[in-house]
Amino acid sequence: MKRSIQSLFYIMFLFLLSASCSELKTAEHKSDYEGKRLKVCASIIPFSDFAERIGGDLVEVSTIIPPGANPHVFEPSPDKLIRFSEADVFICAGAGFEFWKDKFVDSSANDSLTIVELTDGISLLDGEDKKHKSVSGDVEHSSGNPHVWLSPAIASELVQKIERAFSSKDPKNAGVYRKNTEKFLEELDELDKICRREISSFKTKKFLSQHSVWPYFAREYGLEEVGNIEKFPGKEPSPAEIKDLIETAKSKDVKVIFTDAQFSRKAAEAIAEDGSLKIAVLDAIGSQEDTSYIDMMKRNLNAMSEVMKY
Ligand SMILES: [Zn+2]
């Protein structure tokens, strides 16, 4: 029932949209960006930050998933379609992370939209959340773990991918995009050095995580993800699974749980209490509209330090 009301809403919305869109397209010359800002949509805040750092004043960026929402289950409302229909570039993780993407892109009827799938061309790790599907269970993509942006080294590749998309859309400003990117790459390199230095002094390197968010970061800096609390994002573990995780933590001498700021931490807290583990609350997707990726990662590093450097 709920579903059919939703579809009805979609159809009505599409009708209105197609009417307003055709007007827009004739009023503006979409192929000419001179004096006009590139319209960029990004699925999550860190990608918006990348876009703003690279594009500066030349881009107008909006984020689809609001701060505090769990991206694995959050499905944007149809009114976000307007952003897709007007956007020049859409930046997403891909690999099934934005399970709603195809529907939105198709519905937006925007032929000139350039889609930048950041995981594209990156060799992806498997993980507990290889099947990144919504809790309702009706979407299933399984092309690997999508959380690549949380390795600063990989982030450097991602921003260059975005730079290439901006430059091909707007070649006149390619020089500006290059300059901004170079500056940002230096900062990412500095972030990488800070992580490396700080983590080398951690007394413990093992962790359990709420869901498999940190494997790329762990691989980069020699941390070890021993297990995940949620088999796929948003799915609470059973009492038996909680018991197993406590046993695993004991037998493998794991002292730390990484949790997600945007998810319920009930199961993690139960495991922490029974197994005497410490919790680090980490943020993978930005907690505020204007969260900078570099600040977010520094806060994550500090939260890890507090429980791993003792
Ligand atoms: Zn995730």
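For the structure, check the block above.
Structure report, in brief. (Residues numbered from 1 in each chain as written. Predicted model: local features only at pLDDT ≥ 70, side-chain atom pairs only at ≥ 80, totals over all residues.)

**A word on the pairing of strand β1 (residues 38-42)**
Phase 1: Extensive coverage of β1 is indicated by the burial of four of its five residues.
Phase 2: As paired elements, β1 and strand β2 (residues 59-63) share five bridges and run parallel to each other. Bridging across to β2, leucine 38 finds its partner in valine 59.
Phase 3: Handedness of the crossover joining β1 and β2 through helix α2 (residues 45-55): right-handed.
Phase 4: Here β1 pairs with strand β3 (residues 89-92) via three bridges, running parallel. Looking across to β3, one finds that valine 40 is bridged to valine 89. (Buried ≥ 20, exposed ≤ 12 C-beta atoms within 10 Å, placed from the backbone. Helix = DSSP H or I, 4+ residues; strand = E, 2+ residues; numbered from the N terminus. Pairing = 2+ DSSP bridges. Right-handed = clockwise from strand over helix to strand, strands pointing away.)

**A short note on the sheet that holds strand β7 (residues 256-260)**
Phase 1: Sheet architecture is open: four strands sit in the order β6-β5-β7-β8, paired in parallel fashion. Of all the strands in the sheet, the pair left with one neighbour each is β6 (224-228) and β8 (278-282). Neighbour-to-neighbour, the strand axes of the sheet open up by a mean angle of 30 degrees, direction not taken into account.
Phase 2: With five bridges joining them, β7 and β8 adopt parallel strand pairing. Bridge pairing in β8 places threonine 259 opposite valine 281.
Phase 3: Each of β7 and β8 is contacted by helix α9 (residues 266-275), which is oriented at about 165 degrees to β7, the strand it contacts most. (Axes fitted to C-alpha atoms, helices over the stretch in contact; angles between N-to-C directions. Contact = placed C-beta atoms within 7 Å.)

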